[in-house]
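Now for the letters of each chain:
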Amino acid sequence: MAETIGFIGLGNMGLPMVEQLLKAEYAVRAFDLSEPALKQADAAGATIADSIADAARGATTVVTMLPAGQHVRTVYLSDDGLISSAAPGTLLIDSSTIDVETSRAVGTAASNSRLEMIDAPVTGGVMAARVGKLNFIVGGTEEAFERARPVLDVMGQKLLYAGPQGSGIGVKICNNMSLGISMIAAAETLMMAKRLGLDLERTFEIITNASGQNWALSNYCPLPGFLEGVPSTNGYKPGFTAEMMRKDLRLSQDAARSVDACTPLAAHALSIFSHFCDSGDSQTDYSGISKLIGGDAWDYPFDPGGE
């Protein structure tokens with residue numbers, strides 16, 4: 001009999017993760033509040049659960065992929081949530097991108113209830129989820145990490161161990177803070193080169209082989225015509241939406257305030273992405289920020305201190 005995996009949260013990331021588990025011949029019990037999402041999971045071959053507790057029934061592992069910390073607290077800590085309904089010894093894997101405080105609080109509650117838990121946020125976006133090539137950044141005990149490895153391997157290509165519970169989401173927040181800043185830098189660089197009348201193809205080739213190179217420019221170029229298979233060559237269809245980047249930059253600023261860290265570039269990046277989202281581009285890929293940087297940026301009343 002196939003091992004049963006409970007899965008809660010069937011959004012843009014969760015559903016393709018479920019599909020990868022089904023392809024690997026796991027039995028998946030799926031739950032979401034969205035009826036259309038449940039219908040899609042059912043069509044993919046998952047068993048549809050009618051509650052959080054039902055999703056955990058008979059499962060050796062339960063994976064959650066939820067929008068925000070408040071949803072994670074509800075799914076795990078409510079009276080009928082996972083902490084109270086999962087059988088002792090169940091492995092809980094939360095792949096949501098949330099605040100560190102919530103991740104640690106839920107992890108402590110799980111441990112107190114004889115449940116193993118890791119936080120395992122992902123990088124790679126929807127495209128990577130669809131082909132099982134996500135990167136998981138994992139926090140928790142090393143024993144729980146090793147236990148989770150077979151399940152995570154099905155959905156991902158890299159498993160990166162960060163440290164104790166909450167470390168995975170902490171590293172993810174720091175990573176995406178850097179990514180948001182560097183995507184703006186990549187867009188500014190190419191748009192300035194364009195306005196200077198430089199040969200953009202040569203500029204791109206030189207900078208990606210020089211000290212100004214960064215991942216956003218070299219692997220996810222924000223202007224079309226330089227790289228194949230990236231959102232800029234497909235009308236900025238996401239990928240990873242600008243709204244998701246705004247969310248992660250907000251998390252970075254919440255984290256910075258909680259430890260009195262000074263992050264002025266991230267604060268300004270949050271302001272820029274917020275204006276981009278509020279102008280109607282929240283569901284555009286985050287590399288589409290180049291449309292704002294392209295010379296019209298100063299029409300927006302940026303606040304260097306944040307939003």
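Structural data are supplied above this passage.
Below or above, wherever it landed, is the structure these notes cover. None of the values given here were measured: they were computed from a predicted structure.

1. Brief notes about the pairing of strand β8 (residues 134–139)
When you tally the buried positions in β8, you get 6 out of 6 residues, the bulk of the element. Alternating residues of β8 divide into Leu134, Phe136 and Val138 and Asn135, Ile137 and Gly139, and every residue in both groups is buried. Where strand β7 (residues 122–123) meets β8, 2 bridges bridge the pair, whose relative direction is antiparallel. Note that in β8 the partner of Val122 across the bridge is Phe136. With 6 bridges connecting them, β8 and strand β9 (residues 156–163) associate as parallel partners. Directly across from Val138, in β9, lies its bridge partner Tyr161. Since β8 and β9 lie parallel, the crossover through helix α8 (residues 142–155) that links them has a hand, and here it is right-handed.

2. Some details on the layout of surface pockets
In this model, the second largest pocket occupies a volume close to 420 Å³. Forming the boundary of the second largest pocket are 19 residues, of which Val100, Leu251, Ala255, Ala256 and Ser258 lie nearest the centre. It is helix α12 (residues 242–258) that contributes the most residues to the lining of the second largest pocket, 6 residues altogether. Looking at the lining of the second largest pocket, its residues break down into 9 nonpolar, 6 polar and 4 charged.

3. Some remarks on the nonpolar core
Counting residues in hydrophobic clusters, the biggest one holds 36 residues, and the most contacted among them are Phe7, Phe136 and Leu152. Mapped by element, the contributors of at least two residues to this core are β1 (4–8), α1 (14–23), β2 (27–31), α2 (35–44), β5 (91–94), α7 (125–130), β8 and α8. When residues of this core are assigned to their parent elements, the largest contribution, 6 residues, is made by α8. Residues contacting Phe136, with those up to four places away along its chain left out, are Met17, Ser95, Ala120, Pro121, Val122, Leu152, Met155, Gly156, Lys158, Leu159 and Leu160. Counting 30 residues, the second largest nonpolar core, distinct from the first, contains Met191, Phe204, Ile207 and Phe240.

4. Here's the deal with the packing of aromatic side chains
Applying the stated criterion across every chain yields a total of 5 aromatic pairs. Consider the rings of Phe204 and Phe226, whose centres lie 4.9 Å apart with planes at 35°: the pair is tilted. Taken together, the residues Phe204 in helix α10 (residues 200–207) and Phe226 in the loop between α11 (215–219) and α12 connect sequence positions 22 residues apart.

5. So, the environment of Met17
Inspection of the secondary structure assignment puts Met17 in helix α1. A relative accessible area of 1% places Met17 in the buried class. The sequence separation of Met17 and Phe7 amounts to 10 residues, and the corresponding C-alpha distance is 9.2 Å. Sequence-distant contacts of Met17, that is, excluding residues within four places in its chain, are made with Phe7, Met65, Ser95, Ala129, Leu134, Phe136 and Met155.

6. A few points about a nonpolar patch on the surface
On the surface, a cluster of nonpolar side chains totalling about 330 Å² of accessible area is made up of Met192, Leu196 and Leu198. With respect to the secondary-structure elements, Met192 resides in helix α9 (residues 167–195). Taking relative accessible area as the criterion, Met192 reaches 56% and is therefore assigned exposed.

About the cut-offs
Sequence order as written defines residue numbering, which begins from 1 separately in each chain. Given that the model is predicted, a residue must reach a pLDDT of at least 70 before its local features are reported, and side-chain atom pairs must reach 80 or more before they are shown or counted; all residues, however, enter totals for whole chains, interfaces and linings. To obtain the side-chain values, all non-hydrogen atoms of the structure were included, while hydrogens and water were left out. Buried residues are those whose accessible area, probed at 1.4 Å on protein chains only, stays under 20% of the maximum for their type, while exposed residues exceed 50% and partly exposed ones sit between those limits. Runs of E in the DSSP output that reach at least two residues are strands. Runs of H or I that reach at least four are helices, and both are numbered from the N terminus. Strand pairing follows a simple DSSP-based rule, namely that at least 2 bridges must link the two strands. Crossovers are marked right-handed if the path from the first strand over the helix to the second runs clockwise, as seen with the strands pointing away from the viewer. Cavity and pocket criteria rest on a 1 Å grid covering protein atoms alone: a 1.4 Å probe that fits but cannot get out defines a cavity, protein on both sides within 12 Å along at least 5 of 7 lines defines an open pocket, and an atom within 4 Å of a point defines a lining residue. Grid points are joined across faces, edges and corners, and a volume is the space filled by probe spheres set on the points. Gly is placed with the polar residues, together with every amino acid not listed as nonpolar (Ala, Val, Leu, Ile, Met, Phe, Trp, Tyr, Cys and Pro) or charged (Asp, Glu, Lys and Arg). Among the buried residues, those of types Ala, Val, Leu, Ile, Met, Phe, Trp, Tyr and Cys that are joined through side-chain atoms within 4.5 Å form a nonpolar core. Residue contacts follow a heavy-atom distance rule, with two residues in contact if any of their heavy atoms lie within 4.5 Å. Stacked, edge-to-face and tilted labels apply to pairs of Phe, Tyr and Trp rings (six-membered ring for Trp) whose centres lie within 6.5 Å, assigned for plane angles under 30 degrees, over 60, and everything in between, in that order. Two joining distances apply to patches: 9 Å for like charges and 5 Å for nonpolar side chains (Val, Leu, Ile, Met, Phe, Trp, Tyr), and every residue must have over 30% relative accessible area and no salt bridge. Each accessible area is a Shrake-Rupley result for a 1.4 Å probe, and residues are judged covered by the shown protein chains and nothing else. We define a salt bridge as a contact between a side-chain nitrogen of Lys or Arg and a carboxyl oxygen of Asp or Glu at a distance within 4 Å.

Shape descriptors only; they carry no functional weight alone.
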